[in-house]
Amino acid sequence: IQVLDCFTIPVAAVLTAVIMGRRFCWQQILGVLICIGGVVLLVWHDFDNDNGGGIKGDIFVLCGASLYAVSNVGQEKFVSENSQKEWLALLGIFGTLISMIQSIVLEGSQIKLQNWDFANAAYLALFGACLFAMYISTPKIIVIVGATAMNVGLLTADFYASLASFLFFHISMPPLFLYQHGHKKF
């Protein structure tokens, strides 16, 4: 996830500059370069500790991060030129249809095997409510700060999730943890 977020920021910055015509100051460019450095460290770490799937997984993650950046910048462009309500309506209609088709095709057999007790249904409903809140607030956040800054905020969430994992669940942090999150100073 850290590779995804670290790489989404530079791709979103480049796309925002090209598509939206936004200009960045030298501090922002430095931050993007630090993100790229974090990606290099993460991929290098996986390369050194490769158990057969790390590099291939990193390639898939980098492709996914690029597509996520395209999605965010496309959303920023759409929302800046059209109504946020129109965006949410289209996202709701097509997002629901695409997600249902993906769930049935890719995970239909697992859904049938799932033990649907109250706790599992509540967790799924809570997850849906969190996604609903995120997707309702995303257009407003993108209008206010832009796709690049929103992705920086999402990367900050990774830092706090890692810190919580360490403090509450006693999961040790990887050796490159502080270097990977070093750009938070900017």
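Going by the structure above, here's the rest.
My aim in this report is to walk through the structure given alongside it, one point at a time.

Reading the values: rules and limits
Residues numbered from 1 in each chain as written. Predicted model: local features only at pLDDT ≥ 70, side-chain atom pairs only at ≥ 80, totals over all residues. Heavy atoms only, no water. Phe/Tyr/Trp six-rings, centres within 6.5 Å; stacked < 30°, edge-to-face > 60°. Buried < 20%, exposed > 50% of the residue type's maximum accessible area, 1.4 Å probe, protein only. Helix = DSSP H or I, 4+ residues; strand = E, 2+ residues; numbered from the N terminus. Expected span 1.5 Å × (residues − 1). Bend = angle between axes of the 7 residues up to and from the residue. Patch = residues over 30% accessible without salt bridge, like charges linked within 9 Å, V, L, I, M, F, W, Y side chains within 5 Å. Areas by Shrake-Rupley, 256 points an atom, 1.4 Å probe, with all protein chains shown as cover. Salt bridge = Lys/Arg side-chain N within 4 Å of Asp/Glu carboxyl O.

1. Focus on the packing of aromatic side chains
In step 1: In total, this model carries one aromatic pair according to the counting rule given.
In step 2: With a centroid separation of 5.5 Å and an interplanar angle of 50 degrees, the aromatic rings of phenylalanine 78 and tryptophan 87 are classed as tilted.
In step 3: Using a relative accessible area of 17% as the deciding quantity, one classes tryptophan 87 as buried.

2. A closer look at helix α5 (residues 118-145)
In step 1: Over its 28 residues, α5 extends 39 Å from the first C-alpha to the last, a length consistent with the 40 Å expected when each residue adds 1.5 Å.
In step 2: Along its length, α5 reaches its greatest deviation from straightness, about 35 degrees, at threonine 138, and the proline proline 139 lies no more than four positions downstream.
In step 3: Taken together, the buried positions of α5 are Thr138, Pro139 and Ile142.

3. Some remarks on a nonpolar patch on the surface
In step 1: On the surface, Ile111, Trp116, Leu124, Phe127, Leu131 and Tyr135 cluster together into a nonpolar patch covering about 580 Å² of accessible area.
In step 2: Of all the elements, α5 adds the most residues to the nonpolar patch, at four residues.
In step 3: For isoleucine 111, the position within the fold is in helix α4 (residues 84-113).

4. Overview of the pattern of salt bridges
In step 1: According to the stated counting rule, one finds two salt bridges in the structure shown.
In step 2: The shortest N-O distance in the salt bridge between glutamate 76 and arginine 22 comes to 2.8 Å. With a gap of 54 residues between them, glutamate 76 in helix α3 (residues 54-81) and arginine 22 in the loop between α1 (2-20) and α2 (26-48) connect regions that are remote in the sequence.
In step 3: Among the residues examined, glutamate 76 registers a relative accessible area of 4% and is labelled buried.

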